[in-house]
Amino acid sequence: MGTTHSPRSDTRARIIAVALELFSEQGYEQTSLREIADRLGVTKAALYYHFKTKDDIVHGIVEGMAAPIDETIAWGRTQPWSPGLRDELIRRFAAGMSERAPLLRFFHENQPALRDSPAGLEFRDRMIAMVRLVHGPDATFEDRLRAAMSLFTINSALFLLKQDVTECEAGERADGAPVKVATLEEAMAAAQRVALQIGGLIDHPAATV
């Protein structure tokens, strides 16, 4: 059976994976294209063939994250708002982000550097679209806030999970309590449950139709 992967696409994927490793270890701003090329074992010129700047790499990361979000947005826009739609949007978003947890973690850990970058702005626009679909038409500010918090629960779960791992490696929490670290799957399942609980509080005129 043939494959749809080309050497060029495989190389791009490898560059993105290595860049993510370095961004996680050192931070986005502290990582240079030279360091990415060195870890890959290629020349900087070879790296330039695929990505001219670090922001180009981040754009590639966004593309990797965007597919499930874009699919969910496109589907949601064809549906009339209802509590059932709200919950399904949250489930689809949670499932897509759970599969891309390292990419979501990268965005969380590098927010200051990426906030105003083209790639960061693209991701922000997608999140705004998701929030609007979750809260539906004629929503109050409180319901808009609930919609945003329900989606950002996924990000918060990764933040807490990383904190637990850090404290576990240190041996105990700051208060001396033992540390129990959830698996990624357990953390994402908990995040989805909490996201649905928060989303379930959204109650505006469209919900009674």
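Provided above is the structure to which this section pertains.
Residues numbered from 1 in each chain as written. Predicted model: local features only at pLDDT ≥ 70, side-chain atom pairs only at ≥ 80, totals over all residues. Heavy atoms only, no water.

**Student:** Residue-level account of the side chain of Asp143, with values.
**Tutor:** Positionally, Asp143 belongs in helix H9 (residues 141-170). Only 2.7 Å separates the side chain of Asp143 from the side chain of Arg146, close enough to count as a polar contact. (Helix = DSSP H or I, 4+ residues; strand = E, 2+ residues; numbered from the N terminus. Polar contact = N/O pair within 3.5 Å; in protein donor to acceptor, adjacent residues only side chain to side chain.)

**Student:** Can you tell me about the nonpolar core, naming the residues and giving the values?
**Tutor:** Formed by 55 residues in total, the largest nonpolar core has its most connected members in Phe23, Ile36, Ile57, Ile61 and Phe106. When residues of this core are assigned to their parent elements, the largest contribution, eight residues, is made by helix H8 (residues 118-135). (Core = buried A, V, L, I, M, F, W, Y, C linked by side-chain atoms within 4.5 Å. Buried < 20%, exposed > 50% of the residue type's maximum accessible area, 1.4 Å probe, protein only.)

**Student:** Would you mind going over helix H2 (residues 33-40) in detail, with residue names and values included?
**Tutor:** Listed in full, the buried residues belonging to H2 are Leu33, Ile36, Ala37 and Leu40. Take H2 and look down its axis: the buried residues cluster within an arc of 95 degrees, on one side only. (Arc of directions from axis to C-beta.)

**Student:** Talk me through the environment of Asn110; I want residue IDs and the actual numbers.
**Tutor:** In this fold, Asn110 is placed in the loop between helix H6 (101-109) and helix H7 (111-114). It is 6.7 Å that separates the C-alpha atoms of Asn110 and Gly27, two residues lying 83 residues apart in sequence. With residues up to four places along the chain from it excluded, the contact list for Asn110 reads Phe23, Gly27 and Tyr28. (Contact = heavy atoms within 4.5 Å.)

**Student:** Got a sec to walk through the packing of aromatic side chains? Specific residues and values, please.
**Tutor:** Counting across every chain of the model gives one aromatic pair. Taking NZ or CZ as reference, Arg92 lies 3.8 Å from the ring centre of Trp75, over its face. (Phe/Tyr/Trp six-rings, centres within 6.5 Å; stacked < 30°, edge-to-face > 60°. Lys NZ or Arg CZ within 6 Å of the ring centre and 35° of its normal.)

**Student:** Please provide a residue-by-residue account of the packing of helix H5 (residues 83-99) against H8, values included.
**Tutor:** The interhelical angle for the contact between H5 and H8, taken along N-to-C directions, is 150 degrees, at an axis separation of 9 Å. When the axes of H5 and H8 are compared, the pair comes out roughly antiparallel. Residues Arg86, Leu89, Ile90 and Phe93 of H5 touch H8, and the partners they reach there are Met127, Met130, Leu133 and Val134. For the contact of H5 with H8, the class distribution of residues is seven nonpolar, no polar and one charged. (Axes fitted to C-alpha atoms, helices over the stretch in contact; angles between N-to-C directions. Parallel < 35°, antiparallel > 145°, perpendicular 65-115°, else oblique. Nonpolar A, V, L, I, M, F, W, Y, C, P; charged D, E, K, R; others polar.)

**Student:** Run through the packing of helix H4 (residues 54-76) against H5, naming residues and quoting values.
**Tutor:** Across the interface, H4 lies against H5 with an axial gap of 9 Å and an inter-helix angle of 170 degrees. By the angle class used here, H4 and H5 are roughly antiparallel. Seen from above, H4 lies across H5 with right-handed handedness. Here H4 contributes Met65, Pro68, Ile69, Thr72, Trp75 and Gly76 to the contact with H5, which in turn contributes Leu85, Glu88, Leu89, Arg92, Phe93, Gly96 and Met97. When grouped by side-chain class, the residues that make up the contact of H4 with H5 number eight nonpolar, three polar and two charged. (Left-handed = near helix turned anticlockwise from the far one by under 90°.)

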